[in-house]
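# Breakdown of the fold
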Amino acid sequence: MASDLEKNRRRMKQLLEKPGNGNCADCGAADPEWASYTLGVFMCHSCSGLHRNIAQISKVKSVLLDPWSSSEVEFMDSVGNNAAKAKYEQIVPAFYYQPTPKDCTLLRDQWIRAKYERKEFLCVEMQEPYSAGYREGFLWKRGRDNGQYLSRKFILSEREGVLKYFNKHDAREPKAIMKINSVNATFQPTKIGTPHGLQITYLKDNSTRNIFVYHEDGKEIVDWFSAIRAARFHYLQVAFPGAPTSDLLPKLTRNYIKEGYMEKTGPKHTEGFKKRWFTMDDRRLMYFKDPLDAYARGEVFVGGKENNYTVLPGLPPGIQGYHWQFGITIVTPDRKFLFACETEADQKDWMAAFQTVINRPMLPQEYAVEAYFKHKP
């Protein structure tokens, strides 16, 4: 006769088949194999590690490997992911970013803490730090020329439609004013070299400018990220009245389509190829001497195939001066841009990234951006 432990393990496996329990309660990853026997939720291995950070609230065990008592199984059966979601995610603002399995640890950790530890989504007052329309505080900002991080005062004002920062704590005039209509924020822990690293970009004279910031406190930097998303959401609601929320949400902040090193040559195709850091941000392909440069050395607009943009593997015959063997040619209506990748895998990844952009029909506002690139001096 099967022991109680065996029966309980079988019942736990069956509970994974109940609606909602087949995906991680926190990041949505498929086939969770861990569970919190104090919260009643099933989660993936990665999120189970983050639950250990809130051990006073959440106690986790492996569904398949750890022993389960009958009372624990009953509790898991009585709650489950759908009921926990209904309880802990009652009023998540539309603009609040809910992380996926691909997102950095910080975003997933703060989402878990916001739900279960701070109970942020049970009461709107708890959301004040990022939903009030105004936020000010200090962030560590990387110096443009020396790479040193210095404390800078930042202010986000929805009423003014700007994010600004000040070089001196008592300065009256901001060092930079970033309009909400062009601001983007994306977490870049690996590139910046700190788990809380945030890259903020904005357009200055239609060229992209990068700012790299962080804060020691994970909640603080994620609140800044959420406040930027809230400001962008409210700006877009005014800019596109009547547009469904589902159309606006992907435009609040975006991760880059791809980043990495390639070699490039100049417009005459006669100079030697130089290694540069490339970032594909929507339809802008930017290149930098160093990944943490404030300004791009150049930007290329990548349009749609119906507008005569194509991407081809390899380089035209007779081209010399490259070190890396795996070439890519982007053909635009005006000229060809030549790149070389270090490995075949890199070449395939970049080709796929370019193809995704080229396959997407151009939006009316993107024609204006294309026209600007064509008339750039």
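Because the structure is a prediction, the values reported are computed rather than measured.

Before going further, it helps to examine the UniProt feature "domain: PH" (unreviewed entry) in the protein chain. Listed under "domain: PH" (unreviewed entry) in the UniProt record, and renumbered for this structure, are residues 132–233 and 255–359. Secondary structure content for residues 132–233 is 20% helix and 45% strand, and the end C-alpha separation is 13 Å. Along residues 255–359, the helical share is 15% and the strand share 38%, with 19 Å between the first and last C-alpha atoms.

Take the sheet that holds strand 12 (residues 274–281) next. If you walk across this open sheet you meet the 7 strands as 14-13-12-11-17-16-15, and the pairing is antiparallel. Looking at which strands have only one partner, the edges of the open sheet turn out to be strand 14 (298–301) and strand 15 (310–313). Strand after strand, the sheet turns through a mean of 35 degrees between neighbouring axes, direction not considered. Most of the contacts of helix 10 (residues 344–359) go to strand 11 (residues 258–264), to which it runs at about 110 degrees, and overall it touches strand 11, strand 12, strand 13 (284–288), strand 15, strand 16 (326–331) and strand 17 (336–341). Docked against the sheet, helix 11 (residues 364–374) engages strand 13 and strand 14, running at close to 130 degrees with respect to strand 14.

Reading across from one edge, 7-6-5-4-10-9-8 is the order of the 7 strands in this open sheet, with antiparallel pairing throughout. Two strands lie at the open edges of the sheet, namely strand 7 (176–179) and strand 8 (184–187), each paired on one side alone. If you compare each strand with its neighbour and ignore which way they point, the axes differ by 35 degrees on average. In the sheet, strand 4 (residues 134–142) pairs with strand 10 (residues 207–214) via 2 bridges, with the strands oriented antiparallel. The residue of strand 10 that forms the bridge with Lys141 is Val213. Helix 8 (residues 218–239) contacts strand 4, strand 5 (149–157), strand 6 (162–166), strand 8, strand 9 (198–204) and strand 10 of the sheet and is inclined by roughly 120 degrees relative to strand 4.

Rules of the game
Residues numbered from 1 in each chain as written. Predicted model: local features only at pLDDT ≥ 70, side-chain atom pairs only at ≥ 80, totals over all residues. Heavy atoms only, no water. UniProt positions renumbered as here; feature names shortened; annotations may be inferred. Helix = DSSP H or I, 4+ residues; strand = E, 2+ residues; numbered from the N terminus. Pairing = 2+ DSSP bridges. Axes fitted to C-alpha atoms, helices over the stretch in contact; angles between N-to-C directions. Contact = heavy atoms within 4.5 Å.

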